[in-house]
Amino acid sequence: MRNRVGPPVSGSDFFSRDALMDKLCRRLNNGDNLYLVAPRRSGKTSIMYQLMEAPCPGYTFVYVNTEAIDDEQIFFKKVTEEVLNSPVISGLQKTKKALHQLKDSLLGRIKKISFIELNQKAEENYSDIFADLLSKIDPVELKLVIMIDEFPSTVANIVNKTGEAAAIHFLQINRTLRQTSTNKVQMIYTGSIGLPALVSRLVASKEVNDLYNFEIPPLTLEEGFELCKKLFVNEGIAASDDLIKKLLGQINWLMPFFIQLAVSQLADIYFDNNRQPLAEKHLKEAIERSSGLRNNTHFESYYQRINLSFQPDEAEYAHELLRQIAHRDAIPVEEVYKDADAEEVKRRRFIITSLELDGYITPIDGKFRFHSPILQQWWKRYSY
């Protein structure tokens, strides 16, 4: 497998976690709609790509990214069009005449609405068409799962553009459609913003409590070891088992991204030194390089995501908190809430919960610390 650091991967570049994928398929077999709970850089999108390439037995999957959408009806228009124009439908239409006719009918209705909206309000909307699609899919012939990436970003975009009431309505209509679909079509949602914290702030948790929260944990030591082995083999580098174990110990938080990043730096060191064998002394250098200037493009998204996820005053507090944790290594939980009134405690709890869910920090032994030593080192160097 190639070491592609950063972008979602698929095919032979995907490090398969068989037990995790089997568990996900079991949840779908139970009829669940899922929310993938995982921090940034945990491989959520790669898992969805893998489901399209190697689907759960009997299922077909369609992937839709809605990160840039800030309007309820545009969301349903995009999702409907992506499903109808997907290879899933195209592959079936030669043998499923009724489905082919349904596709033509629904796309025709979408075009009609788009034309009418130039001059006046249409009699139906895109969510009506999406509901019609859900109702007419035959689960015996087509067990369809629609995967919505960056769904929480869409909710946040609607809040920023139209207000909280519009975002709550958006969540409500999605819930209604999931429930009226009665397992004909199932949904998987995920995103780099924590949905639980967002809906809690909107006081709309009940609008997503029908979703099964499917957690994507860090790799186990065994999985991390196997991933390192594969990456080093691809680079043509001999790395001892002892060296790999020590590397994983320094990475600490075994998300695939951080392992791939560290291995890529070790590969650079190896070739920079005329293929001299890697030794323990190179591990610290690789970790240092991982958080260095050359990798700013990987970490700037962590920084910018805070500005996009929070209101300006909240973003300012989040940045300051992360700076303090980065430089002090840890901050006691009680210190974070000290001298704050009830309203301020509520505000800080929302910010901190979001930072936890998005993979920045975690409470350990009563103190907030960075999940990743590499991310902490970058924050200490370059945050401002």
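A. Spatial organisation of the sheet that holds strand S8 (residues 367-370). Within the open sheet, the three strands sit side by side as S6-S8-S7. Their pairing is antiparallel. Unpaired on one side and paired on the other, strand S6 (331-332) and strand S7 (361-364) mark the two borders of the sheet. Two elements, S7 and S8, share four bridges in a ladder whose sense is antiparallel. Note on S8: the bridge partner recorded for Pro 363 is Phe 368.

B. Layout of the confidence of the model for the protein. Here the protein averages 89 in pLDDT, while 95% of its residues score no lower than 70. When pLDDT is averaged over each element of the protein, S8 comes out on top at 97 and helix H4 (residues 87-92) at the bottom at 72.

C. Structural view of unusual backbone geometry. Of note in the backbone geometry, Glu 150 takes a positive phi value of approximately 65° without being a glycine. You can see Glu 150 is positioned in the loop between strand S3 (143-149) and helix H7 (151-162). Despite not being glycine, Arg 275 has its phi angle at roughly 65°, a positive value. Here Arg 275 shows up in the loop between helix H12 (256-272) and helix H13 (281-290).

D. How the structure looks around the nonpolar core. Membership of the largest hydrophobic core comes to 61 residues, with the highest contact counts inside it found for Phe 232, Leu 247, Phe 258, Ile 259, Leu 355 and Trp 379. Apart from the residues lying within four places of it in its own chain, the contact partners of Leu 247 are Cys 228, Phe 232, Ala 262, Val 263, Leu 266, Leu 283 and Ile 287. Within the second largest apolar cluster, 48 residues are counted, among which are Leu 107, Tyr 126, Phe 151 and Leu 171.

E. Structural view of the state of the cysteines. For the structure shown, the criterion picks out one disulfide. What pairs with Cys 25 in a disulfide is Cys 56, and their sulfur atoms sit 2.1 Å apart. When the S-S torsion is -80°, as for the bridge of Cys 25 with Cys 56, the disulfide is left-handed. Separated by 31 residues along the polypeptide, Cys 25 in helix H1 (residues 18-29) and Cys 56 in the loop between helix H2 (44-53) and strand S2 (59-65) bring together distant segments of the chain. Take Cys 25 and Cys 56: they sit in the same class, and that class is buried.

F. Seen up close, the packing of H12 against helix H14 (residues 296-309). Axis separation between H12 and H14 bottoms out at 12 Å; the angle between their running directions is 150°. Relative to H14, H12 is oriented roughly antiparallel. In this structure, the crossing between H12 and H14 has a hand that is left-handed. On the side of H12, the interface is formed by Phe 257, Phe 258 and Leu 261, while H14 contributes His 298, Phe 299 and Tyr 302. The residue inventory of the contact of H12 with H14, partitioned by class, reads five nonpolar, one polar and no charged.

G. Focus on the environment of Gly 11. Take Gly 11: it is sitting in the segment before H1. Residue classification places Gly 11 among the partly exposed positions, given a relative accessible area of 32%. Sequence separation between Gly 11 and Leu 254 is 243 residues; the distance between their C-alpha atoms is 21 Å. The contacts of Gly 11, once residues within four sequence positions are left out, are Gln 50 and Glu 53.

H. Representation of the pairing of strand S4 (residues 185-190) within the structure. With respect to burial, S4 is a largely interior element, six of its six residues being buried. Taking every second residue as pointing to the same face, both faces of S4 are buried, with Val 185, Met 187 and Tyr 189 on one and Gln 186, Ile 188 and Thr 190 on the other. Two elements, strand S1 (residues 34-37) and S4, share two bridges in a ladder whose sense is parallel. Each residue of the ladder has a partner; that of Tyr 35, found in S4, is Tyr 189. As paired strands, S3 and S4 are joined by six bridges and run parallel to one another. The residue of S4 that forms the bridge with Val 145 is Gln 186.

I. Region of the structure containing the environment of Glu 316. Checked against the element boundaries, Glu 316 lands in helix H15 (residues 312-328). With 87 residues separating them along the chain, Glu 316 and Lys 229 place their C-alpha atoms 41 Å apart.

J. Highlighting the packing of H1 against H2. As a packed pair, H1 and H2 sit with axes 12 Å apart at the nearest point and diverge in direction by 70°. By the angle between their axes, H1 is roughly perpendicular relative to H2. Contacts between H1 and H2 pair Leu 20, Met 21 and Leu 24 from the former with Ile 47, Gln 50 and Leu 51 from the latter. Residues of the contact of H1 with H2, tallied by class, amount to five nonpolar, one polar and no charged.

K. Geometry of the pattern of salt bridges. For the coordinates displayed, the defined rule picks out 25 salt bridges. One salt bridge in this structure joins Asp 13 and Arg 2, with 2.6 Å as the shortest N-O distance. Highlighted residues: Asp 13 in the segment before H1 and Arg 2 in the segment before H1, separated in sequence by 11 residues. Assessed through its relative accessible area of 48%, Arg 2 is described here as partly exposed. With its nearest N and O atoms 2.6 Å apart, the salt bridge here joins Arg 109 to Asp 132. Here the residue Arg 109 occupies a position in helix H5 (residues 97-116), and Asp 132 occupies one in helix H6 (residues 126-136), the gap between them amounting to 23 residues. Taking relative accessible area as the criterion, Arg 109 reaches 22% and is therefore assigned partly exposed. Take Asp 132: its relative accessible area is 17%, and that puts it in the buried class. What emerges from the salt-bridge pattern is a single network uniting Asp 313, Glu 344, Arg 347 and Arg 348.

Calculation criteria
- Residues numbered from 1 in each chain as written.
- Predicted model: local features only at pLDDT ≥ 70, side-chain atom pairs only at ≥ 80, totals over all residues.
- Heavy atoms only, no water.
- Pairing = 2+ DSSP bridges.
- Helix = DSSP H or I, 4+ residues; strand = E, 2+ residues; numbered from the N terminus.
- pLDDT = per-residue confidence, 0-100.
- Core = buried A, V, L, I, M, F, W, Y, C linked by side-chain atoms within 4.5 Å.
- Buried < 20%, exposed > 50% of the residue type's maximum accessible area, 1.4 Å probe, protein only.
- Contact = heavy atoms within 4.5 Å.
- Disulfide = S-S within 2.5 Å.
- Axes fitted to C-alpha atoms, helices over the stretch in contact; angles between N-to-C directions.
- Parallel < 35°, antiparallel > 145°, perpendicular 65-115°, else oblique.
- Left-handed = near helix turned anticlockwise from the far one by under 90°.
- Nonpolar A, V, L, I, M, F, W, Y, C, P; charged D, E, K, R; others polar.
- Salt bridge = Lys/Arg side-chain N within 4 Å of Asp/Glu carboxyl O.

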